[in-house]
Amino acid sequence: MVEVNTHRSVTVNVGSERLTIKTDLPDGDIKEIVDYIDERYSSYERYNLETGKRMALLALEMCEQLFAHRKMLHEIKVERDELNKAMKEMAALLEEGQEVSSY
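To keep things clear, this report deals only with the structure shown in the data block. Along every chain, residues carry numbers that run from 1 in the direction the sequence is written. With the structure being a predicted model, the display of local features is reserved for residues of pLDDT at least 70 and the display and counting of side-chain atom pairs for 80 or more, all residues being used for whole-chain, interface and lining totals. Side-chain metrics in this entry use all non-hydrogen atoms of the structure; hydrogen atoms and water are not considered.

To continue, consider the overall build of the protein chain. A run of H or I in DSSP becomes a helix once it reaches four residues, and a run of E becomes a strand once it reaches two; helices and strands are each numbered from the N terminus. Along its length, the protein chain carries 2 helices and 2 strands. Overall, the protein chain shows an N-to-C arrangement of helices and strands of β-β-α-α. Whereas a compact globule of 103 residues would reach a radius of gyration of roughly 13 Å, the protein chain reaches 25 Å, over 25% beyond that. The C-alpha extent of the protein chain, read off along each of the three principal axes, is 80 × 45 × 20 Å. Looking at the protein chain as a whole, 13% of its 103 residues qualify as buried. For the radius of gyration, the atoms used are the C-alpha atoms, and the globule rule reads 2.2 Å times the number of residues raised to 0.38. Categorising residues by exposure relies on relative accessible area from a 1.4 Å probe, with only protein chains included: less than 20% of the type maximum marks a residue as buried, more than 50% marks it as exposed, and the intermediate range marks it as partly exposed.

This brings us to the packing of aromatic side chains. In this analysis, rings of Phe, Tyr and Trp, with Trp reduced to its six-membered ring, are considered paired at centre separations within 6.5 Å, and the interplanar angle assigns stacked below 30 degrees, edge-to-face beyond 60, and tilted for intermediate values. Scanning the entire structure with this criterion turns up 1 aromatic pair. For the ring pair Tyr44 and Tyr47, a centre distance of 6.4 Å and an interplane angle of 35° mean the geometry is tilted. Accessibility expressed as a relative area gives 45% for Tyr47, which makes it partly exposed. Only Lys NZ and Arg CZ are tested; either one counts as a charge over a ring when it is within 6 Å of the ring centre and within 35 degrees of the ring normal. In this structure, Arg40 is placed above the aromatic ring of Tyr44, and the distance from its NZ or CZ to the ring centre is 6.0 Å. Arg70 extends its terminal NZ or CZ atom over the ring of Phe67, reaching a point 5.4 Å from the ring centre.

Further remarks concern a nonpolar patch on the surface. Patches in this entry comprise residues that are over 30% relatively accessible and not in a salt bridge; like charges within 9 Å are linked, as are nonpolar side chains (Val, Leu, Ile, Met, Phe, Trp, Tyr) within 5 Å. For the accessible areas, the method is Shrake-Rupley and the probe is 1.4 Å, while residue cover comes only from the protein chains on display. Salt bridges, as used here, are contacts in which a Lys or Arg side-chain nitrogen is within 4 Å of a carboxyl oxygen on Asp or Glu. The grouping of Tyr47, Leu57 and Leu60 at the surface amounts to a nonpolar patch, some 300 Å² of accessible area in total. In this structure, Leu60 sits in helix H2 (residues 51-101).

A word on the pairing of strand S1 (residues 8-14). Two strands qualify as a pair provided DSSP detects at least 2 bridges between them. Judged from the 7 bridges that link them, S1 and strand S2 (residues 17-23) form a sheet pairing that is antiparallel. Bridge pairing links Val12 to Leu19 in S2. Joining the antiparallel neighbours S1 and S2 is a turn of 2 residues, in which Gly15 adopts a positive phi near 65°.

Next up, the structure:
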């Protein structure tokens, strides 16, 4: 099967850099992402850092958020698995109870 490439080139301004990226995201999502990056990038102005260092701080901040979200997702998956196991055990007990009451 031939895979259709739905990526398109988009030019965005990130920090003080103009970048052309390939993406399949809708324009609204791209704008939201770029606006978030610009907001965080601008928040580092008070430190009078050069562009590269500001971008590095931004990358660290975003990675910290990513890892925190990954940790939360893992914890949610563990809780989901525990709930599924408990529901199966309850279903088995209910089935067992129905079998006993039909005697």
